[in-house]
Amino acid sequence: MVLALTVCGVVVALVVLGLFVFGLRRRLIQRSGGTFDCSLRWDVPEKPDTSGKGWSYGVARYNGDRIEWYRVFSYAYRPRRVLERAAIEVAGRRLPEGEEELALLSDAVILTCLHRGTRLELAMSEDALTGFLAWLEAAPPGQRVNVA
């Protein structure tokens, strides 16, 4: 009985510690500012897949001429993907369809992009999309930016 209670106590403590580390990691990522919630789907086919598969929920952070994308459900402090402003080409935008509506946040808009030949989709709120497009267009003089 004592052993069972000890094991349960240790399991509960580990779960609480894990949740605390998730929260602390997110705070550290957001500390420098310029972050927004952003789901990502990497290496998508030409024809939109509305099944909702492949989406990963994350947080994106502006860092100079780069966007650093972090998975929410990860302990890694390094970004999972890094997108350079000069290499991003916006191919279009659309609203979620079918099962995507369940996989993404309720107010999400999907932006289809090309980054160094890889087709990807970013899903973010309308406000975050406005900021993202403004950031793309605010490239220093001489940089090529393609916004559709």
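- The name that an unreviewed UniProt entry assigns to the protein is DUF2550 domain-containing protein, with the source organism given as Streptomyces guryensis.

Things to note about the sheet that holds strand 8 (residues 118-125)
Sheets are built from strands paired through backbone hydrogen bonds, the pairs being either parallel or antiparallel.
Then comes step 1: Strand order in the open sheet formed by four strands is 2-8-7-6, and the pairing between neighbours is antiparallel. At either end of the open sheet lies a strand with only one pairing partner, and these are strand 2 (39-42) and strand 6 (88-94). Across this sheet, the average inter-strand angle for adjacent strands is 25°, counted without regard to direction.
Then comes step 2: Against the sheet, helix 3 (residues 126-137) contacts strand 6, strand 7 (108-115) and strand 8, and its axis sits at roughly 130° relative to strand 8.

What to know about empty space enclosed by the protein
Then comes step 1: The full count for this structure, using the stated rule, is one cavity of 30 Å³ or more.
Then comes step 2: Volume-wise, the largest cavity comes out at about 50 Å³.
Then comes step 3: For the largest cavity, the full set of lining residues is Phe 36, Cys 38, Leu 40, Ala 60, Ile 67, Trp 69, Arg 81, Leu 83, Leu 122, Met 124 and Phe 132.
Then comes step 4: Elements with a contribution of two residues or more to the lining of the largest cavity: strand 4 (66-71), strand 5 (81-84) and strand 8.
Then comes step 5: Classifying every residue of the lining of the largest cavity gives ten nonpolar, no polar and one charged.

Looking at the packing of aromatic side chains
Then comes step 1: Summed over the entire model, instances satisfying the criterion amount to three aromatic pairs.
Then comes step 2: Summarising the aromatic geometry, the rings of Phe 36 and Tyr 62 are spaced 5.3 Å apart at their centres and angled 40° between planes, so their arrangement reads as tilted. Here Tyr 62 lies in strand 3 (residues 58-63) and Phe 36 lies in strand 1 (residues 35-37), a separation of 26 residues in the sequence.
Then comes step 3: Since its relative accessible area comes to 10%, Phe 36 is described here as buried.
Then comes step 4: Taking the relative accessible area as the measure of exposure, Tyr 62 reaches 23% and is therefore partly exposed.

Conventions we followed
- Residues numbered from 1 in each chain as written.
- Predicted model: local features only at pLDDT ≥ 70, side-chain atom pairs only at ≥ 80, totals over all residues.
- Heavy atoms only, no water.
- Pairing = 2+ DSSP bridges.
- Helix = DSSP H or I, 4+ residues; strand = E, 2+ residues; numbered from the N terminus.
- Axes fitted to C-alpha atoms, helices over the stretch in contact; angles between N-to-C directions.
- Contact = heavy atoms within 4.5 Å.
- 1 Å grid on protein atoms, 1.4 Å probe; cavity = no way out; pocket = protein on both sides within 12 Å on 5 of 7 lines; lining within 4 Å.
- Points joined across faces, edges and corners; volume = space filled by probe spheres on them.
- Nonpolar A, V, L, I, M, F, W, Y, C, P; charged D, E, K, R; others polar.
- Phe/Tyr/Trp six-rings, centres within 6.5 Å; stacked < 30°, edge-to-face > 60°.
- Buried < 20%, exposed > 50% of the residue type's maximum accessible area, 1.4 Å probe, protein only.

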